[in-house]
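Coordinates in review
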Amino acid sequence: MINQYINENKDRFINELLDMLRIPSVSADPKFKQDVLGTAEFVKQRLVDAGADHVELVETAGYPVVYGEKMVSPDLPTVIVYGHYDVQPADPYELWSSPPFEPVIKDGNIYARGACDDKGQMYMHVKAFETMVRTGTLACNVKFMIEGEEEVGSANLATFVKENKERLKGDVILISDTGMLGNDTPSITTGLRGMSYVEVEVTGPNRDLHSGLYGGAVANPINILCQMIASLHDENNHITIPGFYDNVDELSQEERAEMARAPFDLEKYKKSLDLKDVHGEAGYVTMERNSIRPTLDVNGIWGGYTGEGAKTVIPSKAFAKISMRLVPHQTSEEITEKFRKHFESIAPASVSVVVKPHHGGEPVVTPTDSVAYKAASKAYEETFGVKPIPVRSGGSIPIVSMFKSELGLDSVLMGFGLDSDAIHSPNEHFGVFNYMKGIETIPLFYKHYAEMSK
């Protein structure tokens, strides 16, 4: 019954997603404010159309949270679905093979900003919900909490959660904002790294100077900034901030061996990225470096003259944005403070330094012995024909730890994206197969979760 409904409505399900992808809901850029708000209205209306009994836009200090629910029976477990309707900026536009907000389907993939992260994956839940309602198979109560600020740190979601604890009473958080190993190798994410995100400003002279008249006599903030950043890693690519690794959770050899069971082709990985070789912390392999180890990366750096032609200046200022991915049992507050102290300490007297914290989030590991995880595993096994592998992701979803601390609920991370989907990059895409497979798999989670919760 469920599969028949999905097959009959496949084209509509895809076209509705394409309609939403046409709206440039970039939360980081104020010029897209009306588009972000329009996307919230879009999601609200689709939840109403899908059969939710109560749907509203809950105002926050930023963009609204779309809240919807359908309470079937107090005797049934309640699933809280989290997702986000905002997307990353699409820059640089010139690197897209097609306009980022004019979605196209080619080679079985939907190309558009937000196709995978997270509009496509979030919308799977709306369509799975519609499918269960229309076929009379909704086995759990369900509450939707879809926010519009995930890509800028979910600044107001914690406030929303704290102010709506009664409304958000439930049994599990269900999230699809992660990926899986492959279409023939499904996996469930069981760990996420945390994050500390900062911006640094290095100031030298009180104005831009002529590089001929002053070159060699005063500090160049760009030169100094580059030297300071380069010193943050040693020859083994270990991070040099004092105390950075103090609380890092070191996995045992047995745990690392279990992780190594996941299929990984290093040559294929390098080829997909046009790399001659990989790079990372000594003593760890690629799949460990991007999941169970902390990192420090420069996400952007600028200063001076970058326009056409030449302008011979020593700039007054130089800037960089730096993110640090964290693992259990590091905390974003601790690492941000350690970074600030260290970065200020290594600055020469010829410049001044300001470290501005942006946002952070805590690492999390979810249990694999819970009813919810077992229900998710069983659902994947039914639709993919193979048992999913538990994996830790290198990404960060800061609100997962917040849901645990504020609501006391664990999350199940049922992602259907692939590493090759180019999220946050030009030519982001999401497989039509993955989108439809998510809509097919999610109702089975509800079914098994209800049955196993009795």
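In case you missed it, the structure is sitting above this.
Residues numbered from 1 in each chain as written. Predicted model: local features only at pLDDT ≥ 70, side-chain atom pairs only at ≥ 80, totals over all residues. Heavy atoms only, no water.

1. Let's talk about the overall build of the protein chain
In terms of regular secondary structure, the protein chain is built from 14 helices and 18 strands. Relative to the globule expectation of 22 Å for 454 residues, the C-alpha radius of gyration of the protein chain, 23 Å, shows essentially globular dimensions. With respect to the principal axes defined by its C-alpha atoms, the protein chain has extents near 80 × 50 × 45 Å. Counting every position in the protein chain, which comprises 454 residues, the buried fraction comes to 53%. Counted over contacts in the protein chain with a minimum sequence separation of 6, partners at least 24 positions apart contribute 79%. If you average the places of the 44 positive and of the 64 negative side-chain charges in the protein chain, the two averages end up 1 Å apart. (Helix = DSSP H or I, 4+ residues; strand = E, 2+ residues; numbered from the N terminus. Rg over C-alpha atoms; globule rule 2.2 N^0.38 Å. Buried < 20%, exposed > 50% of the residue type's maximum accessible area, 1.4 Å probe, protein only. Contact = heavy atoms within 4.5 Å. Lys, Arg positive; Asp, Glu negative; His and termini not counted. Charge placed at Lys NZ, Arg CZ, Asp CG, Glu CD.)

2. Here's the deal with the nonpolar core
If you look at the biggest cluster of nonpolar residues, it comprises 67 residues, and the most contacted ones within it are Val-66, Val-79, Tyr-85, Tyr-435, Phe-445 and Tyr-446. The dominant element in this core, judged by the number of residues it contributes, is helix α14 (residues 432-452), at ten residues. Beyond its immediate chain neighbours, meaning those up to four positions away, Tyr-435 contacts Phe-13, Ile-14, Leu-17, Gly-120, Tyr-123, Met-124, Lys-127 and Phe-430. With 24 residues, the next largest nonpolar core counts Met-228, Ile-229, Leu-232 and Ala-318 among its residues. (Core = buried A, V, L, I, M, F, W, Y, C linked by side-chain atoms within 4.5 Å.)

3. Some thoughts on helix α7 (residues 221-230)
Looking only at α7, the buried set comprises Pro-221, Ile-224, Leu-225, Met-228 and Ile-229. Along the long axis of α7, the arc covered by the buried residues comes to 130 degrees, so they all point the same way. Facing away from the buried side of α7 by over 90 degrees, the exposed positions are Gln-227 and Ala-230. In this structure, the buried residues of α7 make contact with β9 (194-203), β11 (295-303), β12 (313-314), β13 (317-326), α11 (332-345) and β14 (352-361). The residue sitting at the N-terminus of α7 and contributing the capping side-chain oxygen is Asn-220; that oxygen lies 2.9 Å from the backbone nitrogen of Ile-222. (Arc of directions from axis to C-beta. Polar contact = N/O pair within 3.5 Å; in protein donor to acceptor, adjacent residues only side chain to side chain.)

4. Some remarks on the sheet that holds β13
Read across the sheet, four strands follow the order β11-β13-β9-β14 without closing on themselves; strand pairing throughout is antiparallel. Of all the strands in the sheet, just β11 and β14 have a single pairing partner and so form its edges. The mean inter-strand angle of the sheet, taken between neighbouring strand axes irrespective of direction, is 20 degrees. Inspection of the sheet shows β9 paired to β14 by eight bridges, in the antiparallel sense. Within the sheet, the bridge partner assigned to Glu-199 lies in β14 and is Lys-356. In the packing of α7 onto the sheet, contacts are made with β9, β11, β13 and β14, and the angle to β13 comes to roughly 15 degrees. (Pairing = 2+ DSSP bridges. Axes fitted to C-alpha atoms, helices over the stretch in contact; angles between N-to-C directions.)

5. Concerning the environment of Leu-174
Note on placement: Leu-174 falls in strand β7 (residues 172-175). In this structure Leu-174 comes out as buried when scored by relative accessible area, which is 0%. Sequence-wise, Leu-174 and Ile-442 are 268 residues apart; in three dimensions their C-alpha atoms are separated by 9.6 Å. Not counting chain neighbours up to four residues away, the residues in contact with Leu-174 comprise Val-79, Ile-80, Val-81, Tyr-82, His-125, Val-412, Met-414, Ile-442, Phe-445 and Tyr-446.

6. What to know about the pattern of salt bridges
This structure, assessed with the given rule, holds 26 salt bridges. The partner of Glu-250 in a salt bridge is Arg-293, and the shortest N-O contact between them spans 3.2 Å. With Glu-250 in the loop between α7 and α8 (253-259) and Arg-293 in the loop between α10 (286-289) and β11, this pair connects stretches of sequence that are 43 residues apart. The class for Glu-250 is partly exposed, based on a relative accessible area of 47%. If you follow the salt bridges from partner to partner, you end up with Arg-12, Glu-16, Lys-127 and Glu-130 in one network. (Salt bridge = Lys/Arg side-chain N within 4 Å of Asp/Glu carboxyl O.)

7. Looking at the sheet that holds strand β18 (residues 429-431)
Each strand in a sheet pairs with its neighbour through backbone hydrogen bonds, running either in the same direction (parallel) or in the opposite one (antiparallel). If you trace the three strands from one edge of the open sheet to the other, you get β4-β5-β18, paired in antiparallel fashion. What marks the edges here is a single partner per strand, and that holds for β4 (104-106) and β18. Put simply, the sheet's adjacent strands are angled 30 degrees from each other on average, direction ignored. In this structure, β4 lies alongside strand β5 (residues 109-111), joined through three bridges in antiparallel fashion. Within β5, the position partnered with Ile-105 by the bridge is Ile-110. Its contacts with the sheet place α14 against β4, β5 and β18, and it is angled at close to 60 degrees to β18.

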